[in-house]
Amino acid sequence: MIQLEQVKKIFPQTTVPAVDEITFSINKGNICVFVGPSGCGKTTILRMINRLVEPTSGNIYIDGENILHVNSDELRRRIGYVIQQVGLLPHRTIEQNVGLVPRLLKWPEARIKARVMELLEVVGLDPSETAWKYPYQLSGGQMQRVGVARALAADPPIMLMDEPFGAVDPIVRGRLQDEFLRLQQEVKKTICFVTHDINEALKMGDYIVVMNKGKLVQKGTPMELLSEPANDFVKDLIGDDRGVKLLDLTRAESLMMVPESYPVARDCPCFIDAIQPVKMALEVMMKNDSDVVGVRRGDKVIGTLSWTEIKKHIHRISGD
Amino acid sequence: MNFEFERFVIAMFDRAPPYILEHMQLVLIPLAIATAIAFPVGVLLTRARYRRYSGRVMGIFNTGQTIPPLAVIAVFFPFLGLGYRPAVIALTLYALLPIARNTLAGLAGVPLEVKDAARGMGMTEWQTFRQIEIPLSLPVVMSGIKTSAVLTAGTAALAALVGGKGMGAVIFAGINFFRMELILAGTIYIGLIALFLDRVLSFIEARMTPSYMK
């Protein structure tokens with residue numbers, strides 16, 4: 001668990017704090033996304049967690065231990081770090097890049113080799129083909145993958161990711177995001193993720209922290225942010241399609257009507273899975289030219305979801 | 001001026017060759033001393049603590065470069081007298097700038113994100129310097145040393161004026177005795193020495209350059 005307590009950072013020769021008395025905590029195994037416009041202090045927060053930036057005041061704890069009392073180099077070897085520009089060492093092979101932290105930790109050479117090969121496989125690169133290449137021989141997407149593999153190398157419980165998929169085109173970005181979420185299901189890291197893209201934040205975050213001008217504006221789950229934005233800043237950040245975005249996060253089962261009130265469920269022309277988002281229900285309705293879909297859990301039909309219910313829901317949450 | 005081919009052949013193959021090693025020494029010793037001074041200075045001036053002095057120090061080096069080597073020799077003459085030592089000192093001062101400048105440029109050219117990632121991974125400041133900054137800036141530093149070497153090869157001819165020997169002795173003898181053959185032979189050898197140093201240092205530079213920079 002990561003805890004920040006009244007953390008403040010004023011850079012030299014400035015008066016306005018870059019980060020202003022921020023307090024929050026991130027639970028083990030969660031992805032916490034910091035989102036906000038550039039200059040809002042999100043990257044500074046990230047860099048304070050691995051002490052690339054030292055806070056002016058306040059305290060940061062990792063698993064109850066004050067990180068300001070730990071040697072900063074040793075601290076960083078326990079924290080994975082991924083940045084937008086990747087920052088692979090251009091004069092070292094991919095194998096050496098990924099093996100960087102294990103080598104710093106003086107793992108035996110055989111174990112490093114095995115770990116590197118395993119990780120390249122995990123991030124979707126062919127180890128036998130990639131390991132001996134140099135960074136300049138890879139595509140942008142491949143470099144990002146190597147960046148993630150390098151951060152995972154020593155199996156750190158915590159990962160800091162600063163716009164890790166920001167430098168690749170939207171198609172590759174989407175794929176990398178999906179793959180990373182799948183990977184996270186297995187590795188269960190505690191992740192701090194920085195982005196300026198609210199859609200990425202909603203997609204990746206278990207928890208989102210909205211920042212503006214060094215201040216914490218709102219924190220909550222993607223659902224909470226969408227249904228109860230704290231102010232106009234958050235509303236603007238989310239955009240005008242708040243209702244539709246919410247439907248992407250709402251499971252079909254949460255809006256469905258139970259069979260008693262809708263005895264015709266079995267007669268529905270089309271079906272979706274209970275845990276699928278309402279957005280999918282809309283898609284299925286449009287395809288089948290129907291105002292209603294049946295909701296199934298496994299093989300069992302458990303309810304129906306109608307266009308009227310969805311409309312009512314959107315009205316309820318947008319409230320205006 | 002007189003020119004006789006026979007005398008030229010004698011100058012080329014008999015008179016001048018003994019001065020080749022002397023001249024090489026006059027280039028390589030100042031070059032080694034200059035590198036030993038300019039490289040650490042360049043490194044210090046790129047560290048966070050001393051970065052603010054880099055403008056001023058480079059200013060001093062730049063000024064040094066504008067003083068003619070003859071004048072430098074004249075300035076040191078009252079303290080060091082004539083001979084080999086003042087020549088070496090003057091040439092050293094002259095060789096400093098290109099090396100210092102390229103050390104600064106080379107280190108400043110190491111991509112920020114690479115240093116940031118390295119520190120973020122937990123490399124110490126020394127490890128980052130040794131394993132990343134040095135190898136990535138070395139080609140640029142080497143090209144500074146090469147520039148200095150070629151520059152010094154030419155300037156070293158003046159060492160003969162203060163009794164510092166070298167190929168300059170052949171040229172000045174030619175001037176004093178109106179013998180074009182000697183002047184030409186000395187000049188050709190200095191050119192060859194400069195060319196040779198350039199080739200050798202280029203080879204080393206190429207060997208040090210990581211494949212991605214080629």
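Residues numbered from 1 in each chain as written. Chains lettered and ligands numbered in written order. Predicted model: local features only at pLDDT ≥ 70, side-chain atom pairs only at ≥ 80, totals over all residues. Heavy atoms only, no water.

A short note on the overall build of chain B
- Of the regular secondary structure elements, chain B holds nine helices and zero strands.
- Beginning at the N terminus, the succession of helices and strands in chain B can be written as α-α-α-α-α-α-α-α-α.
- Dimensions of chain B, computed from the C-alpha atoms along their principal axes, are close to 70 × 40 × 20 Å.
- Intrachain contacts of chain B at a sequence separation of at least 6 include 79% that bridge at least 24 residues.
- When the accessible surface of chain B is summed, it comes to about 10800 Å², and 69% of that surface belongs to carbon and sulfur atoms.
- Counting 18 positive and 11 negative side-chain charges, chain B places the averaged centre of each group 10 Å from the other. (Helix = DSSP H or I, 4+ residues; strand = E, 2+ residues; numbered from the N terminus. Contact = heavy atoms within 4.5 Å. Areas by Shrake-Rupley, 256 points an atom, 1.4 Å probe, with all protein chains shown as cover. Lys, Arg positive; Asp, Glu negative; His and termini not counted. Charge placed at Lys NZ, Arg CZ, Asp CG, Glu CD.)

Let's talk about the overall build of chain A
- In terms of regular secondary structure, chain A is built from 15 helices and 13 strands.
- Across its three principal directions, the C-alpha atoms of chain A cover 65 × 50 × 35 Å.
- Out of the 320 residues in chain A, the part that is buried amounts to 51%.
- Long-range contacts, defined here as pairs at least 24 residues apart, represent 61% of the contacts in chain A between residues at least 6 apart. (Buried < 20%, exposed > 50% of the residue type's maximum accessible area, 1.4 Å probe, protein only.)

Examining the packing of aromatic side chains
All names here are of chain A.
- For the structure shown, the criterion picks out seven aromatic pairs over all chains.
- Summarising the aromatic geometry, the rings of Phe165 and Phe193 are spaced 6.2 Å apart at their centres and angled 55 degrees between planes, so their arrangement reads as tilted. Of this pair, Phe165 sits in the loop between strand S7 (158-162) and helix H8 (170-187) while Phe193 sits in strand S8 (residues 190-195); the two residues are 28 residues apart in sequence, bridging distant segments of the chain. You'll find Phe165 and Phe193 in the same group, each marked buried.
- Among the aromatic residues, ring-to-ring pairing joins Phe165, Phe180 and Phe193 into one connected group.
- Lying across the ring of Trp107, Arg111 places its NZ or CZ 3.7 Å from the centre. (Phe/Tyr/Trp six-rings, centres within 6.5 Å; stacked < 30°, edge-to-face > 60°. Lys NZ or Arg CZ within 6 Å of the ring centre and 35° of its normal.)

Re the sheet that holds strand S10 (residues 215-220) of chain A
Residue and element names in this part refer to chain A.
- Pairing in this open sheet of six strands is mixed, and the strands run S6-S7-S8-S3-S9-S10 from one edge to the other. Each edge of the open sheet carries a strand with a single partner, namely strand S6 (79-83) and S10. Each strand axis lies, on average, 15 degrees off the axis of its neighbour in the sheet, ignoring direction.
- Examined bridge by bridge, strand S3 (residues 31-35) and strand S9 (residues 207-212) share four bridges and lie parallel to one another. Across the sheet, the residue bridging to Val33 is Ile208, located in S9.
- Packed on one face of the sheet, helix H7 (residues 140-152) meets S6 and S7 and runs near 165 degrees to S6. (Pairing = 2+ DSSP bridges. Axes fitted to C-alpha atoms, helices over the stretch in contact; angles between N-to-C directions.)

Here's the deal with the domain arrangement of chain A
- Under the domain assignment, chain A is made up of domain 1 (2-240) and domain 2 (247-318).
- Put simply, the middle of domain 1 of chain A and the middle of domain 2 of chain A, counted by C-alpha atoms, are 36 Å apart. (Domains from an automatic or database assignment.)

Describing the nonpolar core
- Membership of the largest hydrophobic core comes to 87 residues, with the highest contact counts inside it found for Phe34, Val98 and Phe180 of chain A.
- Those residues in contact with Val98 of chain A that sit more than four places away from it in its chain are Val116, Leu119, Leu120, Val146, Ala149, Arg150 and Ala153 of chain A.
- Counting 33 residues, the second-largest nonpolar core is a separate cluster that includes Ala34, Met58, Leu91 and Leu201 of chain B. (Core = buried A, V, L, I, M, F, W, Y, C linked by side-chain atoms within 4.5 Å.)

So, the side chain of Thr195 of chain A
Residue and element names in this part refer to chain A.
- Among the structural elements, Thr195 can be located in strand S8.
- The class of Thr195 is buried, set by a relative accessible area of 1%.
- Aside from chain neighbours lying at most four places away, what touches Thr195 is Val33, Phe34, Val35, Gly36, Lys42, Glu163, Glu200 and Ala201.

A look at the sheet that holds strand S5 (residues 65-66) of chain A
All names here are of chain A.
- Pairing in this open sheet of four strands is antiparallel, and the strands run S2-S1-S4-S5 from one edge to the other. Of all strands in the sheet, those with a lone pairing partner are strand S2 (19-26) and S5, marking the two edges.
- Seen against the sheet, helix H1 (residues 42-49) touches strand S1 (2-9), S2 and strand S4 (57-62) and runs at an angle of roughly 120 degrees to S1.

Brief notes about the interface of chain A and chain B
- The interface of chain A with chain B comprises 23 residues on the first partner and 18 residues on the second.
- When chain A packs against chain B, close to 1800 Å² is buried across both sides, 65% of that on carbon and sulfur atoms.
- Linking chain A to chain B there are two salt bridges.
- Asp73 of chain A is the salt-bridge partner of Arg119 of chain B, the closest N and O atoms lying 3.5 Å from each other.
- There are six residue pairs in polar contact (both at pLDDT 80 or more) connecting chain A and chain B. (Buried area = accessible area lost by both parts, 1.4 Å probe. Salt bridge = Lys/Arg side-chain N within 4 Å of Asp/Glu carboxyl O. Polar contact = N/O pair within 3.5 Å; in protein donor to acceptor, adjacent residues only side chain to side chain.)

Remarks on the packing of helix H3 (residues 54-66) of chain B against helix H5 (residues 84-108) of chain B
All names here are of chain B.
- For the pair H3 and H5, interaxial distance at closest approach is 8 Å and the crossing angle is 145 degrees. The crossing of H3 and H5 is left-handed. Packed against H3, whose contacting residues are Met58, Phe61, Asn62, Gly64 and Gln65, the element H5 presents Tyr94, Leu96, Leu97, Pro98, Ala100, Arg101 and Leu104 at the interface.
- Here the contact of H3 with H5 is built from residues that sort into eight nonpolar, three polar and one charged. (Left-handed = near helix turned anticlockwise from the far one by under 90°. Nonpolar A, V, L, I, M, F, W, Y, C, P; charged D, E, K, R; others polar.)

Some thoughts on the packing of H5 of chain B against helix H7 (residues 125-155) of chain B
Residues and elements named next belong to chain B.
- Direction vectors running N to C along H5 and H7 enclose 155 degrees, while the axes themselves pass 8 Å from each other. As far as their axial angle goes, H7 and H5 are roughly antiparallel. Handedness of the crossing formed by H5 with H7: right-handed. Residues Leu91, Tyr94, Ala95, Pro98, Ile99, Asn102, Thr103, Gly106 and Leu107 of H5 touch H7, and the partners they reach there are Glu133, Ser137, Val140, Val141, Ser143, Gly144, Ile145, Thr147, Ser148, Leu151, Thr152 and Thr155.
- Among the residues making up the contact of H5 with H7, the classes are represented as ten nonpolar, ten polar and one charged. (Parallel < 35°, antiparallel > 145°, perpendicular 65-115°, else oblique.)

Describing a nonpolar patch on the surface
Residues and elements named next belong to chain B.
- Taken together, the side chains of Phe3, Phe5, Val9, Phe13, Met180, Leu184, Ile188, Leu192 and Leu195 define a hydrophobic patch exposed on the protein surface, amounting to about 850 Å² of accessible area.
- For the nonpolar patch, the elements supplying multiple residues, two or more each, are helix H1 (5-15) and helix H9 (180-208).
- The residue Leu195 is located in helix H9 in this model.
- The exposure class of Leu195 is exposed, given its relative accessible area of 55%. (Patch = residues over 30% accessible without salt bridge, like charges linked within 9 Å, V, L, I, M, F, W, Y side chains within 5 Å.)

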